[in-house]
Amino acid sequence: MPIGLVKRADGIYIDVGMSKPALTAAVAHVFQSDWYFAGLDYAALINALYGVGPDMGQLQALRLADALQPFDPARLSLYKPPKLSLSYAEYYFQQLYLEEETLADGSVLPERPVQLDIDEFIAFMWQQGIRFGIDVAAVRAAMASPKADRITFATDLEPAPGQHASVVEVSADLHRSDAPKARADGRIDLQSFQNRFPQIKAQVRLLKKLEAVPGLPGFDLAGRKTEPEAPKDLTLRFLAGEGTEARMAEDGEYLVSTREGFLSVDSKSNRISITDKIISLEGVSGRTTGNLQLAGAYEEYGDVQEQRDVTGSDITVHGNVYGNIHSRGGTVVLDKNLVSGSVHNAAGDIRIAGVASNSVIYASNGAVVVQRAENCVISATRVKIEEASNCEIIGEEVLVSVAEGCVIAGRNVEVESAGPRRRTEMVIYVLVKDVTQFDREIADLELRVATFAQANQDSQLEMERIAALPDVRRYLALAAKLRTQELVLTPEQGQHLRKIASAVAEEMKAIQKLKLDVQVGQTQHKLLSDRLERVIEQKVAAAGIARCGLHMANGETMVRTMPFAADTAALRQLQAKDLKQRLRGTPSGGELLFADSSGTLDWHLNPRLRVTFP
């Protein structure tokens, strides 16, 4: 019995504690010595020699066969060499017969059928070099069948591929919810998704790396091992983008968020980032995102489709916008075109690099910068447009390089070239603060100041007339000399002076009254004049700056002032249709500054000019 094989009362056992080459040598010794295993468990043999089959656990010995039997040469001649191919072997099974045989006692055994044996077959094939892969069940069925047949009885075992290293999600926060959004009143909003852009907290495990699992080897018919392809590994840190990092823990390696923000996955590199800004590559539509209500900044590389709403702050769209953008602040940047949509920014600028067409653009507290605008309503504190056609534009400051068929209203308007477009007129309104209340007060004060000045002058002339009377003049001259002590009167002269004074007493009372009236009048004149100057300064401050610079009129162009009572924000906050009607409607009030098909205009408001009231 070769080393590695043990004979026990219930059969032959193989010592699986020995090395597989040693066991293979022991089994080969049996077959090459023209013995075979009777009652062989072929699956156990393959498991013991090649490790193919179920795990044997902690077994030290495995039952292999019932017994060892010598291979009868007469029986050996029944078996023929197989037909070998690259990865399989075939054998032709048919009914075999033993030839007529004369026994020693002279009796004759006639020709008789003989049956092949599976254990002998396995032993014979081992000698033929087939040491692996025999389909025992198929061989048994072919041996039992009366029909001759060629079958494939042995095949190579291909290597079993392993598992590449991979990652699995370990955080439920990674999952988007594209279910329709539930409103606060319980209704379902079919235009919006429940949670299209998940928000991630800091220090959250996002992904776990699953280590690569090696494959199982294969074997050819000769029992030679075929190694499987090595599984691919991955480096988890290569998946870590901004705001994430790879960390090793006791139970494995994880990708962990290092900050709070929004999840972003780069479809090309598969990098996962946590950023302050939501970055989307799919565009905004009913299929991809639905309407968006975002808490932070948003960057979109696709298009915003028509009737889609995007609400957030610091919104950047690299594609075309056909829907509506609503920003709470920051800057709205459109890298391409705005077509039949709208952009509103409550506290920031709007910048459009391409064409804005048939759209509404409103920055309540910021600037609007557009390359080209057509058929748009634009409102902002500051507007700068290279080319504008058939637009309604309003702002504190408006700068337009080329305007055709537009209505422009602003406190400070600068237009390089302006003219009509087909049948649409070109109008520029300079917004001028309505300060008529100051003008009325100024007119009233000017009248009162002039009245006091005239009254003072009249009193002064009357005093001079009375003082010129002969008796009054003599009395005033004597009184002046007595005050300066140039003249000293005798008692007789003093009595004469008193007679003179008595004669001009009424005239002297009149002069004294006129002097008092002049003093009071001068005081009132000074107070009213000071008040007049203060009101004028208040008017200047209230009116502010208003100007218009038209460098070239290229066709019939009209420039007027447009008075307004409140802040210009009230005008700029009008709905688009109301603002359009206000600017395109028949003008009321104001002053015509320019109306010509050529020429230039450089007009500045002079708020110190007086308005004459009837």
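Bear in mind that the values here come from a model prediction, so they are computed numbers and not experimental data. (Residues numbered from 1 in each chain as written. Predicted model: local features only at pLDDT ≥ 70, side-chain atom pairs only at ≥ 80, totals over all residues. Heavy atoms only, no water.)

> Requested: an account of the overall build of the chain, with residues and values cited.
On a plain count of helices and strands, the chain comes out with 11 helices and 40 strands. Along the three orthogonal principal directions, the C-alpha set of the chain runs to about 215 × 65 × 45 Å. Sequence-distant contacts, at least 24 apart, represent 50% of the contacts inside the chain between residues at least 6 apart. Carbon and sulfur atoms form 51% of the exposed surface of the chain, whose accessible area is close to 33400 Å². One finds the centroid of the 68 positive side-chain charges in the chain at a distance of 11 Å from the centroid of its 80 negative side-chain charges. (Helix = DSSP H or I, 4+ residues; strand = E, 2+ residues; numbered from the N terminus. Contact = heavy atoms within 4.5 Å. Areas by Shrake-Rupley, 256 points an atom, 1.4 Å probe, with all protein chains shown as cover. Lys, Arg positive; Asp, Glu negative; His and termini not counted. Charge placed at Lys NZ, Arg CZ, Asp CG, Glu CD.)

> Which residues make up the environment of Leu-263, and what are the values?
Looking at the secondary structure, you find Leu-263 in strand E22 (residues 261–265). Between the C-alpha atoms of Leu-263 and Ile-200, which are 63 residues apart in sequence, the distance is 6.5 Å.

> Which residues make up the pattern of salt bridges, and what are the values?
Evaluated as defined, the whole model comprises 19 salt bridges. Asp-251 is paired through a salt bridge with Arg-205; the nearest N and O atoms lie 3.8 Å apart. Taken together, the residues Asp-251 in the loop between strand E20 (244–249) and strand E21 (252–257) and Arg-205 in strand E17 (residues 205–210) connect sequence positions 46 residues apart. Residue Asp-251 is classed as partly exposed on the basis of its relative accessible area of 43%. Asp-517 is the salt-bridge partner of Lys-513, the closest N and O atoms lying 3.1 Å from each other. (Salt bridge = Lys/Arg side-chain N within 4 Å of Asp/Glu carboxyl O. Buried < 20%, exposed > 50% of the residue type's maximum accessible area, 1.4 Å probe, protein only.)

> Summarise unusual backbone geometry; cite the residues concerned and give the values.
At Ser-340, a residue that is not glycine, the phi angle is positive and equals roughly 55°. On the secondary structure map, Ser-340 appears in the loop between strand E29 (338–339) and strand E30 (342–345). Accessibility expressed as a relative area gives 52% for Ser-340, which makes it exposed. Positive phi outside glycine occurs at Asn-390, with the angle close to 55°. Relative to the elements of secondary structure, Asn-390 occurs in the loop between strand E33 (377–389) and strand E34 (392–404).

> So what's going on with a nonpolar patch on the surface? Residues and values would help.
On the surface, Val-168, Val-170 and Leu-210 cluster together to form a nonpolar patch covering roughly 190 Å² of accessible area. Along the chain, the position of Val-168 falls in strand E13 (residues 166–169). Look at Val-168 and you get partly exposed, because its relative accessible area is 31%. (Patch = residues over 30% accessible without salt bridge, like charges linked within 9 Å, V, L, I, M, F, W, Y side chains within 5 Å.)

> Could you give me a rundown of the pairing of strand E31 (residues 350–357), with the residues and numbers involved?
Across the 8 residues that make up E31, a large majority, 6, are buried. Pairing of strand E28 (residues 332–334) with E31, which is carried by 3 bridges, proceeds in the parallel orientation. Bridging across to E31, Val-332 finds its partner in Ile-350. When E29 meets E31, the two strands line up parallel, connected through 2 bridges. Looking at the pairing, Leu-338 lines up with Ala-356 of E31. (Pairing = 2+ DSSP bridges.)

> Quick rundown of the environment of Thr-244? Include the residues and the values.
One can find Thr-244 in strand E20. Spatially, the C-alpha atoms of Thr-244 and Thr-275 are 9.5 Å apart, while their sequence positions differ by 31 residues. Beyond its immediate chain neighbours, meaning those up to four positions away, Thr-244 contacts Leu-206, Leu-255, Val-256, Ser-257, Thr-258, Ile-272, Ser-273 and Ile-274. Separated by 3.0 Å, the side chain of Thr-244 and the backbone nitrogen of Gly-241 make a polar contact. A distance of 3.0 Å separates a polar side-chain atom of Thr-244 from the backbone oxygen of Ile-272. (Polar contact = N/O pair within 3.5 Å; in protein donor to acceptor, adjacent residues only side chain to side chain.)

> So what's going on with the pairing of strand E37 (residues 547–550)? Which residues, and what values?
Of the two faces of E37, the one lined by Arg-547 and Gly-549 and the one lined by Cys-548 and Leu-550 are each fully buried. When strand E35 (residues 407–419) meets E37, the two strands line up parallel, connected through 4 bridges. The residue bridging Val-415 from the neighbouring strand is Leu-550, located in E37.

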